[in-house]
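Now for the letters of each chain:
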Amino acid sequence: MRLHFEAWGSGPAFLFLHGFLGSGDNWRTMARSLDLPARYYLVDLRNHGRSPHAPEHTYPAMMADIVELLDLEGLSEAVILGHSMGGRVGMLVAMHHPTRVRGLIVGDISPAAHAPIHLPLLEALRQVNLHVARREEVDAQLARTVSDASIRQFLLKSLARDDAGHFYWRWNLPILYRDYSEMTGPIEGPPYTGPTLFLQGEKSPFLKQAHLPLIQQLFPKARLVVIPNAGHWIHVENPTAVRNAIIDFWRELFPTS
């Protein structure tokens, strides 16, 4: 599948893979702040953003999409940063296509199975009536079940209008809902022995100390950096710490850059 992406810069390829219900531009501010000699790719994963809708939403399918992107762009390898769902996609690419991954950064997620945390959001989104005139009306509907305004604003970034002015979600919501159980299962494959950095939000429930033995088993060169005063949205809640960790890791990969 030919994914949509935004790209700029020159140098080693640096792919950013967003989380569930997000899009590539979630990481634009962070990527712009890094100022590294890299070719940046902000990728919309399948069924998200401006990438095509597909009849399945699984990690193996998303892995194949990323490998295809590398091939189409003529990239022999790339550094991959993935947050949440995107981190799990990055893990799978590294495990099954290790020569294509120069280094891996995983944002606040583990390879272990996790609880269906997003299911209430999916249920709320399925109840929204988009036959309204204003975004505020969509927000008001979501507010009945999603009390956190910041989460609603994140979701509303994927609300768009078609040529006739009608609202629609950029996600393939029916497929995301149907295949959501695929998102919560474990990530499996042969160990990836390349350089790996896990970024853990200090206050996040997604990446825990109990996951470290599995991480070390599957990513023997992994190191962990805890992002203080941050939950799951590490790059929003403590961008300075995330930026510094990424730059330090990049300089380890490319000491002369």
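Residues numbered from 1 in each chain as written. Predicted model: local features only at pLDDT ≥ 70, side-chain atom pairs only at ≥ 80, totals over all residues. Heavy atoms only, no water.

(A) Highlighting the packing of aromatic side chains. Counting across every chain of the model gives 13 aromatic pairs. For the ring pair phenylalanine 16 and tyrosine 40, a centre distance of 6.1 Å and an interplane angle of 35° mean the geometry is tilted. With phenylalanine 16 in strand S2 (residues 13-17) and tyrosine 40 in strand S3 (residues 39-43), this pair connects stretches of sequence that are 24 residues apart. Taken individually, phenylalanine 16 and tyrosine 40 each receive the classification buried, so the pair is uniform in this respect. Each member of the aromatic cluster is reached from another via a ring pair, and the members are Trp8, Phe14, Phe16, Trp27, Tyr40, Trp250 and Phe254. Positioned above the aromatic ring of tryptophan 8 is the side chain of arginine 32, whose terminal nitrogen or guanidinium carbon lies 3.7 Å from the ring centre. Its end group placed over the ring of tyrosine 177, arginine 126 keeps NZ or CZ at 3.8 Å from the ring centre. (Phe/Tyr/Trp six-rings, centres within 6.5 Å; stacked < 30°, edge-to-face > 60°. Helix = DSSP H or I, 4+ residues; strand = E, 2+ residues; numbered from the N terminus. Buried < 20%, exposed > 50% of the residue type's maximum accessible area, 1.4 Å probe, protein only. Lys NZ or Arg CZ within 6 Å of the ring centre and 35° of its normal.)

(B) Structural context of the pattern of salt bridges. Under the definition given, this model contains 11 salt bridges. Residues arginine 32 and glutamate 6 are paired through a salt bridge, measuring 3.9 Å at the closest nitrogen-oxygen approach. Of the two residues, arginine 32 sits in helix H1 (residues 28-34) while glutamate 6 sits in strand S1 (residues 5-9), which places them 26 residues apart along the sequence. Classification of arginine 32 by relative accessible area gives partly exposed; the value is 48%. Residue arginine 223 is joined to glutamate 252 by a salt bridge in which the shortest nitrogen-to-oxygen separation is 2.9 Å. Of this pair, arginine 223 sits in strand S9 (residues 222-227) while glutamate 252 is found in helix H11 (residues 239-253), placing the two residues 29 residues apart along the sequence. A relative accessible area of 47% means that glutamate 252 is categorised as partly exposed. Here the salt bridges share partners, and the residues they tie into one network are Glu6, Arg28 and Arg32. (Salt bridge = Lys/Arg side-chain N within 4 Å of Asp/Glu carboxyl O.)

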